[in-house]
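The lines below spell out each chain.
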Amino acid sequence: MVLKIFFPQCCNRADSGLLVGRWISSQDSAVVLAVIHYPFIPGHVKQYIQQMQAKSGLELSVLGSWSLPKDGQEGMESFLRDLSTIFPQERWLQINREVGKMGFTCQVLQRDQNGRVVQRETKKKNEKVDEGAGEAGGDEEEQQEEEEEKVIFVHYEQRKVMLSQLHPIENGVPDPKTAPPSELRQMFQTVANSQPLFFLDRYDDGPLKSTHWQTEGREASIIVELLKQACIPLCMLIGWLLSVWTWICNIRIFSLYPLRFLSSKLSTCVQLSYRTEQMRLLSSPKPAAGHTQFMRKANIVVSFLVDVALGMLLIWWLYRDNHITMLANTLVPAADHVAKELDELLQWLMGAPAGLKMNRALDQVLGRFFLYHIHLWISYIHLMSPFIEGILWYGGLSACLGLTFALSLLSDMVALLTFHIYCFYVYGARLYCLKIYGLSSLWRLFRGKKWNVLRQRVDSCSYDLDQLFIGTLLFTVLLFLLPTTALYYLVFTLLRLVVVLFQGVLHLSVDFINSFPLFAMGLRITRPYRLAEGVKFRVLCEEPGTALHLLMEINPLKCSAVVQTYRTSTYSCYPKDSWAALVKKLFVGELIYPWRHKTTKTD
């Protein structure tokens, strides 16, 4: 059996004393957490370990002794060995470091049935009494004893291990919530939960002195402590504001169908409700239950701060050098230019577009119908032109809530300014879809089939002569009118797709700012050991007469895994249909709605 001892690097040159840590009996390994220096009183050590057990919830104990030779401490090794009778353990580790060597020597002392401490090396020599025994049997026994006595030291950096979070490896590995924790995971949990043990530093006036990663003093920051104190009244203020906002939203007039319908379709209202949910989560007085919830709150805070900072930069640009007036003066000529281009496009369609022969009567009706809508829309734009600058001025102030609000408001403004294009697309799509489904139904009539609505299938059916005659006439009319309708549908669908593409870019930008784990990614770049995917081992020392020494290094989590693991759940702005389904809808004339559904993404 191989005994693995996880030894902190900060204790390599500690003064002689007792090793405090935890036995992982299921894995036959020991985790050393600190070294209590000599001189000490054994009663104080026992009392201190009991206090640490109550605070940390771990089964801490004295693992053995640590001896570093110094002048005037010649009998220290035997003294520390005799302490095994005061701190009864099944196994007692006696680790010594010799001068001039990097490696340690470890003697494992065990208790026999009578309670006496027996050293493994002497035990192995005493068992070889019968020298006349078979050579093969002796070799097997010696090999077995050597396997039992093998010790491996795994050196680890205590600070990094305590602050790191070991992530479960995917690709078919069992979930750590259901499967028993591995040796490495138990070791990480032991160091992380032993934080009360590291509060004892060299400046304490207590009877005990120890060596660990915070021996020279605790890591702290005055700014962090001030922020912790300021968070309490800030959370109370945010909670009160949220309660007022919730009371306003619950007024009966806002629950009416038109307002409720508009609030669910406007991007600005959806973003406002999303930020309200995030603020309600942050203002909760309950602390984070675990690492995942802590990272979620931290990502929300950083994302909100970055969003507000970008929004303030946008405000600074808009209100500097009178950019809002320039935008307002550009908007009306741009709308006139778009209307002029649409008018020329409709005039081209009402003629002979690309040399195609269209149905002139239907072509004229559709063209004049759409031209009338364009003139109505231009009249509306010119009627609103005196108020456009004021709308842009007050709408720009929404960027103080974050860049996402400004982008959402821009998306809603684009939807309102291009509403006539959406109307053209809906008219053309409805006419085209009506003819497509009419032709498909009449085609089934020619084949003696019909669509069974109840059973949702095509059944055979017999038609009389009058039905076939009328069906033939309708099929001919619809077939010859289809090219004209299809051309109008194609042109306005392309225009609609351009608008939807621009809105999609805005929605993706908002979703990226809301969901990207900025805190986790910054932690991965600045302190990669905080997010650990696993560990790797490197041979540190392999000297004759000493145990094997390995150095444990933390493998950081990949950036793609960080984004996938800590991405914040948000409303989905991605199309639910696949590309094949989207092409099918475009071909048959089904409407592609621009409205974004408020749904939560599943991890």
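Predicted, not measured: the structure shown is a model, and the values here were computed from it.

### As for the overall build of the protein chain
Next up, step 1: Across its full length, the protein chain carries 18 helices and 14 strands.
Next up, step 2: Taking all 603 residues of the protein chain together, 39% fall into the buried category.
Next up, step 3: Residue pairs in contact within the protein chain that sit at least 24 positions apart in sequence constitute 72% of those at least 6 positions apart.
Next up, step 4: If you sum the accessible surface of the protein chain, you get close to 35,600 Å²; carbon and sulfur atoms cover 62% of it.

### Some thoughts on the UniProt feature "transmembrane region" (unreviewed entry) in the protein chain
Next up, step 1: Mapped onto this numbering, the UniProt entry annotates "transmembrane region" (unreviewed entry) at residues 237–257, 300–319, 365–384, 391–418, 424–446, 467–491 and 497–520.
Next up, step 2: Counted over residues 300–319, helix gives 95% and strand 0%. Its end C-alpha atoms are 28 Å apart.
Next up, step 3: Strand forms 0% of residues 424–446 and helix 100%; the C-alpha atoms that close the span are 33 Å apart.

### Regarding the side chain of Arg275
Next up, step 1: Along the chain, the position of Arg275 falls in helix H9 (residues 267–282).
Next up, step 2: At 3.2 Å, the side chain of Arg275 forms a polar contact with the side chain of Asn514.

### What about the pairing of strand S4 (residues 61–67)?
Next up, step 1: Burial of S4 is extensive: seven of the seven residues sit out of reach of the surface.
Next up, step 2: As paired elements, strand S2 (residues 17–24) and S4 share five bridges and run antiparallel to each other. Its bridge partner lying in S4, Leu19 is registered against Gly64.
Next up, step 3: In this structure, S4 lies alongside strand S5 (residues 91–97), joined through four bridges in parallel fashion. Bridge pairing links Ser65 to Gln94 in S5.

### Quick notes on the side chain of Ser398
Next up, step 1: When you line up the elements, Ser398 lands in the loop between helix H12 (360–396) and helix H13 (403–417).
Next up, step 2: Judged by relative accessible area, which is 19%, Ser398 ranks as buried.
Next up, step 3: Not counting the four nearest positions on each side in its chain, Ser398 is found in contact with Phe405, Ala406 and Leu409.

### Topic: the packing of helix H14 (residues 419–446) against helix H15 (residues 465–515)
Next up, step 1: Their axes nearest at 7 Å, the elements H14 and H15 cross at an angle of 150 degrees. Between H14 and H15, the angle falls in the class roughly antiparallel. Relative to H15, H14 is oriented so that their crossing is left-handed.
Next up, step 2: Here the contact of H14 with H15 is composed, by residue class, of 25 nonpolar, seven polar and two charged.

### A short note on helix H10 (residues 291–318)
Next up, step 1: Taking 1.5 Å as the rise per residue, H10 with 28 residues should run 40 Å; its terminal C-alpha atoms sit 40 Å apart, in good agreement.
Next up, step 2: Buried within H10 are the following residues: Met295, Lys297, Ala298, Asn299, Ile300, Ser303, Asp307, Gly311, Ile315 and Leu318.

### Here we look at the pairing of strand S11 (residues 449–452)
Consecutive side chains along a regular strand alternate between the two faces of the sheet.
Next up, step 1: As paired elements, S11 and strand S12 (residues 457–460) share four bridges and run antiparallel to each other. Across the sheet, the residue bridging to Trp451 is Val458, located in S12.
Next up, step 2: Following S11, the chain reverses through four residues before pairing antiparallel with S12; Gln456 in that reversal takes a positive phi of roughly 55 degrees.

### So, the pattern of salt bridges
A pair can form between side chains of opposite charge whenever their charged atoms are brought close.
Next up, step 1: Per the counting criterion, the structure on display carries nine salt bridges.
Next up, step 2: Between Lys536 and Glu553 there is a salt bridge whose closest N-O contact spans 3.9 Å. Here Lys536, found in strand S13 (residues 531–541), pairs with Glu553, found in strand S14 (residues 548–556); they are 17 residues apart in sequence, far enough to count as distant.
Next up, step 3: What you see here is one network of salt bridges that share partners, running through Lys536, Arg538 and Glu553.

### Quick notes on unusual backbone geometry
Next up, step 1: For the bond running from Tyr38 to Pro39, omega is 10 degrees, close enough to zero to count as cis.
Next up, step 2: Summarising the element assignment, Pro39 is placed in the loop between strand S3 (29–37) and helix H1 (42–56).
Next up, step 3: If you check the backbone angles, Asp321 has positive phi at about 60 degrees while not being a glycine.
Next up, step 4: Tracing the backbone through its elements, the reader meets Asp321 in the loop between H10 and helix H11 (323–349).
Next up, step 5: In the Ramachandran plot, Asn322 falls in the positive-phi region, its phi being about 60 degrees despite a non-glycine side chain.
Next up, step 6: For Asn322, the location among the structural elements is in the loop between H10 and H11.

Definitions and cut-offs
- For every chain, the first residue of its written sequence is number 1, and the numbers climb from 1 along that sequence.
- Note on the predicted model: pLDDT of at least 70 is required for a residue's local features to be given, and 80 or more for side-chain atom pairs to be given and counted; whole-chain, interface and lining totals, by contrast, use all residues.
- Only heavy atoms go into the side-chain values, all of them from the structure, while hydrogens and water stay out.
- Under the DSSP-based scheme used, a helix requires at least four consecutive residues in state H or I and a strand at least two consecutive residues in state E, with every element numbered from the N terminus.
- Exposure classes here rest on a 1.4 Å probe applied to the protein chains alone. A residue is buried below 20% of its type maximum, exposed above 50%, and partly exposed in between.
- Whether two residues are in contact is decided by their heavy atoms: any pair within 4.5 Å suffices.
- For the area figures, the Shrake-Rupley method with a 1.4 Å probe applies, and any residue is considered shielded solely by the protein chains shown.
- UniProt positions are given in the numbering used here, feature names are shortened, and annotations may be inferred rather than shown by experiment.
- N or O atoms closer than or at 3.5 Å make up a polar contact, with two conditions inside protein: a donor-capable atom paired with an acceptor-capable one, and, for residues adjacent in sequence, both atoms drawn from side chains.
- In this analysis, strands are considered paired if DSSP registers two or more bridges between them.
- Fitting a line to C-alpha atoms yields each axis, with helices limited to the stretch in contact; the angle taken between N-to-C directions then spans 0 to 180 degrees.
- If an angle is under 35 degrees, it is roughly parallel; if it is over 145, roughly antiparallel; if it lies from 65 to 115, roughly perpendicular; otherwise it is oblique.
- Left-handed describes a crossing whose near helix is turned anticlockwise from the far helix by less than a right angle; the clockwise case is right-handed.
- Note on residue classes: Ala, Val, Leu, Ile, Met, Phe, Trp, Tyr, Cys and Pro are nonpolar, Asp, Glu, Lys and Arg are charged, and everything else, Gly too, is polar.
- Any helix carries an expected span of 1.5 Å times its number of residues minus one.
- For salt bridges, the criterion is a side-chain nitrogen of Lys or Arg within 4 Å of an Asp or Glu carboxyl oxygen.

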